[in-house]
Amino acid sequence: MAYALQQLVNGLTLGMIYGLIAVGYTMVYGIIGMINFAHGDVFMIGAFIGIIVITALSGITAVPLGLLAALIISAALCGLYGFSIERVAYRPLRGSFRLAPLISAIGMSILLENYVQTSQGALERAIPNLIPGGITLMRQDGFAVQLTWMQIAIMAVTLVVLAVFTYIVTKTPLGRAMRAVEQDAKMAALLGIDTNRTISTTFIIGSALAAMAGVMFLLYYGVIDFYIGFNAGIKAFTAAVLGGIGSLPGAVLGGLLIGLIEAFWSGYATVAYKDAAVYSILAIVLMFMPSGLLGRHEVEKV
Amino acid sequence: MSNVLSIQNISTFYGPIQALRDVSLEVNEGEIVTLIGANGAGKSTLMMTIFGQPRAKSGAILYRGENITALPTFQIARRGIAQSPEGRRVFPRMSVEENLLMGAQVVKYADYDSQLKMVLELFPRLEERFAQRAGTLSGGEQQMLAIGRALMSKPKLLLLDEPSLGLAPLVIKQIFGAIRSLNRETGLTVLLVEQNANQALRLAHRGYVLVNGALTMAGTGAELLAKPEIRAAYLEGGH
């Protein structure tokens, strides 16, 4: 019981990070119908910007302030990365055959990984645990269930970010424009919406979310390298598909489920096969629900 | 009477297929102009070509003297032209309210409350369905929503593509009545595409007839209604 609770806590923390990345995948898929394979690498760059900012500010400012600065600076710079990636690699290919932007995305992913590898080095980079300690939720048979301050911070930040994001998407003119372009880009243009600008904004927001996920990943694990974007990206993409690609709540739900599956599988079976467990469950879900857990299957009247 | 829309010798293609051949027409301030023609004559293509979707391959489209032929679609909308397009194209996964908000976004929600009131008075059904997803509305309700959405921006030129499609005769009468009163009271300029030639010609000040992508006849509504060719082709026998 206590052990299960511990896995639940660990899984939820990890799942929130996956969820934040998955939102970016699903947004981009919704609006231009492509899988942005460079998205995981934006997450990785976000983590690197985080480590640079935290290192630069350590000793100068208080830790919470330094972390907040890392989140904000990383989100802002990665927003710029997302904007540029779309302009350089995807927009020129719009209207081209469907595979073209996908190939371009893979190229962009390799480019970003190599760029970070050469500029930051191929070795792992580490930071100490900046938010040590925690609270003990319960003790049972000599096993103490720990909820660390770090986990609490990650969950709190994710919830705030997702709340703001949800508000933007559901209540603001910008969010409506994004959904309008997603549902019928030509009609949105007929109503005066600058679709290119809306697509750019989508990339900026998605990348900023990935960047914050990157910073939190860095804080949680303490170790990063130029290749973390690949694995996290694939996991988050899986989360988006599991939840129903195109569905924002689905992306978060998918992220949480994958975090939980990983945690419980690692806790009760074997760490070595945790990825296999994740993909097996994805395959099973897709067999019975091809459009994912919260994917669309509503019939539209003609 | 000043010129609002001047279409000058445009030709439009879908790939190798020519959809419009050297079409020229004028819409003046405060006019209701109708474009009638059979299915596939190119009426909707003309409406979309005004918005650059697709772009005219030759010729020019002037809006109040400004050449808008090459402007991006959203810039054309920002000039004050609104369209209720063929196939309605409501945003299916948005509520009725959100669809109407989308219509007003181009004018940054100027006079939102009064426009909303006007639209909901015109189509009380939309008020009943206000929070419902547009994709779950009936075809007729979606048609009302598409027209209402176009009206939300208080357009200076309204393009209506078959507003009567899928609607009950009573609602058609109501919509045509609303177009007439908007035109009389606010001076709204309207370009109306219809298969329902009889009612359209009665409503319109002037009309054009489009056959196989080319204009074949023009005149006042009454003139066209009186022509035997029109009677034979569009008014009698099925329509």
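Report on the accompanying structure.

Calculation rules
- Residues numbered from 1 in each chain as written.
- Chains lettered and ligands numbered in written order.
- Predicted model: local features only at pLDDT ≥ 70, side-chain atom pairs only at ≥ 80, totals over all residues.
- Buried ≥ 20, exposed ≤ 12 C-beta atoms within 10 Å, placed from the backbone.
- Helix = DSSP H or I, 4+ residues; strand = E, 2+ residues; numbered from the N terminus.
- Pairing = 2+ DSSP bridges.
- Right-handed = clockwise from strand over helix to strand, strands pointing away.
- Contact = placed C-beta atoms within 7 Å.
- Axes fitted to C-alpha atoms, helices over the stretch in contact; angles between N-to-C directions.

**What about the pairing of strand β8 (residues 189-194) of chain B?**
Residue and element names in this part refer to chain B.
Argument step 1. β8 sits mainly inside the fold: six of its six residues count as buried.
Argument step 2. Here β8 shows no split at all, with Thr189, Leu191 and Val193 on one side and Val190, Leu192 and Glu194 on the other all buried.
Argument step 3. Summarising the sheet, strand β3 (residues 32-37) and β8 pair through five bridges and their orientation is parallel. By the bridge assignment for β8, Ile36 is matched with Glu194.
Argument step 4. The pairing of strand β7 (residues 157-161) with β8 spans five bridges and is classified as parallel. Counterpart to Leu160 in the pairing with β8 is Leu192.
Argument step 5. Taken together, β7, helix α7 (residues 169-186) and β8 form a β-α-β motif whose crossover is right-handed.

**Remarks on the sheet that holds strand β4 (residues 58-63) of chain B**
Residues and elements named next belong to chain B.
Argument step 1. Here we have four strands laid out as an open sheet, ordered β2-β1-β4-β5, and antiparallel in their pairing. Either end of the sheet is taken by a strand with one partner, and the two such strands are β2 (17-28) and β5 (66-67).
Argument step 2. The pairing of β4 with β5 spans two bridges and is antiparallel. Bridge pairing links Leu62 to Asn67 in β5.
Argument step 3. Packed on one face of the sheet, helix α1 (residues 43-50) meets β1 (3-14), β2 and β4 and runs near 70 degrees to β2.

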